[in-house]
Amino acid sequence: MSAIRGARERARVEVTAAIKAEARKQLAAEGAAKLSLRAVARELGMASSALYRYFPSRDDLLTALIVDAYDAMGEAAETARAEADGMGLSHPDRWTAVACAVRDRALAHPHEYALVHGSPVPGYTAPPDTVGPASRVGQVLIGLVHDARLADGVAVPRLPPGLRPEAARMAADLAPDLPPAFAVALVSAWAQLFGLISFEVFGQFTRVVEARELFFRHAVHELGRSVGLLEGRPGGGTGT
């Protein structure tokens, strides 16, 4: 019985992967708003009723694709962080390496990026299942600053007095191990990072920025400075 159960589980994994792969093709061709379970089933030679056993609704399939997209971006950031740690890069260079890995993932898979950072899908509300995957890149950035602070590699960002209550709230939610000023700076940098990537993915830099990789590296280096990362501090011995 265990062999039969194992075969069924493997078959389910394979069919689920095929459904998601076909759905990603539809995203690229038609956009998320036109994603159709019936069209996916038709392309796979499945009855619609059979596909519903894997994804009961379009929203369930969208959620699976969104989680996959966030997880892939998070994995890219985490891998880049680990590689930068292993190379003993400075804290600003670690930050840049992570940002570049996220950009590379977005440019290589623009339709998946658009699914999570483009226009909202009409009629779709993301469930709590997406929150953890969506936070992975942010957690890497927070971890970089946290470890740089342990190594005395940061300066506390400036915080206007009027923002102190909001900064305290944000820090409690997002970065309880850092002074509140860092939470404000990190959220601002996170928003600007994805703004830079979105401008490139969606074509807003056309006829504006030509040397895009150099421009991006410079911009995210400045974002690293904005969160307090100091130059010339080696990455070793930070507790990573």
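Let me sum up the structure you'll find in this document. Sequence order sets the numbering: in each chain, residues are counted from 1 along the sequence as written. Selection of residues for local features in this predicted model requires a pLDDT of at least 70, selection of side-chain atom pairs for listing and counting requires 80 or more, and totals for whole chains, interfaces and linings are taken over all residues. Only hydrogens and water are set aside when side-chain values are computed; all heavy atoms of the structure are taken into account.

Digging into the overall build of the protein
Part 1 of the argument: Summing up its helical and strand segments, the protein has 11 helices and zero strands in all.
Part 2 of the argument: Helix and strand labels come from DSSP, where a helix needs a run of H or I of at least four residues and a strand needs a run of E of at least two; each type is numbered from the N terminus. Ordered by position from the N terminus, the helices and strands of the protein form the series α-α-α-α-α-α-α-α-α-α-α.
Part 3 of the argument: Taken along its principal axes, the extent of the C-alpha atoms in the protein is 60 × 50 × 35 Å.
Part 4 of the argument: Residue exposure (1.4 Å probe, protein chains only): buried if accessible area is under 20% of the type maximum, exposed if over 50%, otherwise partly exposed. For the protein, the proportion of its 240 residues judged to be buried stands at 42%.
Part 5 of the argument: Residue contacts follow a heavy-atom distance rule, with two residues in contact if any of their heavy atoms lie within 4.5 Å. Long-range contacts, defined here as pairs at least 24 residues apart, represent 75% of the contacts in the protein between residues at least 6 apart.

Thoughts on the packing of aromatic side chains
Part 1 of the argument: The criterion for an aromatic pair is that two Phe, Tyr or Trp rings (for Trp, the six-membered ring) have centres within 6.5 Å, with stacked assigned to planes under 30 degrees apart, edge-to-face to planes over 60 apart and tilted to the rest. If you walk through the whole model with that rule in mind, you get four aromatic pairs.
Part 2 of the argument: Between the aromatic rings of Tyr 113 and Phe 202, the centroid separation amounts to 6.0 Å while the plane-to-plane angle is 45°, which identifies the pairing as tilted. Within this pair, whereas Tyr 113 is found in helix H6 (residues 110–117), its partner Phe 202 is found in the loop between helix H10 (180–201) and helix H11 (212–226), the two being separated by 89 residues in sequence.
Part 3 of the argument: Classification of Tyr 113 as buried rests on a relative accessible area of 1%.
Part 4 of the argument: Classification of Phe 202 by relative accessible area gives partly exposed; the value is 36%.

Quick look at the nonpolar core
Part 1 of the argument: Residue types Ala, Val, Leu, Ile, Met, Phe, Trp, Tyr and Cys, when buried and joined through side-chain atoms within 4.5 Å, form a set referred to as a nonpolar core. Counting residues in each nonpolar core, the largest one holds 38 residues, and the members touching the most others are Trp 95, Val 145, Leu 186, Leu 193 and Ile 197.
Part 2 of the argument: Of all the secondary-structure elements, those providing two or more residues to this core are helix H4 (58–87), helix H5 (91–108), helix H8 (136–150), H10 and H11.
Part 3 of the argument: Here this core takes nine residues from H10, the largest share from any one element.
Part 4 of the argument: Among residues more than four places away in sequence, those in contact with Leu 186 are Trp 95, Leu 141, Ile 142, Val 145, Leu 178 and Val 227.
Part 5 of the argument: Of all hydrophobic cores here, the second largest spans 21 residues; its members include Val 40, Leu 61, Leu 65 and Leu 115.

Looking at H8
Part 1 of the argument: Expected span of a helix: the number of residues minus one, times 1.5 Å. Between its first and last C-alpha atoms H8 spans 21 Å; for 15 residues at 1.5 Å apiece the expected length is 21 Å, and the two agree.
Part 2 of the argument: Inspection of H8 places Val 137, Gly 138, Val 140, Leu 141, Ile 142, Gly 143, Leu 144, Val 145, Asp 147 and Ala 148 among the buried residues, and these make up the whole buried set.
Part 3 of the argument: The inward-facing, buried residues of H8 abut H4, H5, helix H9 (164–174) and H10.
Part 4 of the argument: Just downstream of H8 lies Asp 152, where phi reads positive at about 60°.

A word on the pattern of salt bridges
Part 1 of the argument: What makes a salt bridge here is a side-chain nitrogen of Lys or Arg within 4 Å of a carboxyl oxygen of Asp or Glu, nothing more. For the coordinates displayed, the defined rule picks out 16 salt bridges.
Part 2 of the argument: We note a salt bridge from Asp 71 to Arg 136, for which the minimum N-O separation is 2.8 Å. Residue Asp 71 is located in helix H4, and its partner Arg 136 is located in helix H8; the two are separated by 65 residues in the primary sequence.
Part 3 of the argument: Note on Arg 136: relative accessible area 22%, which makes it partly exposed.
Part 4 of the argument: Close ionic contact of Asp 173 with Arg 169 constitutes a salt bridge, the shortest N to O distance being 3.2 Å. Pair noted here: Asp 173 and Arg 169 are both in helix H9, with a separation of four residues, about one helical turn.
Part 5 of the argument: Overlapping salt bridges, with partners in common, bring together Lys 20, Arg 24, Asp 68, Arg 105 and Glu 112 in one network.

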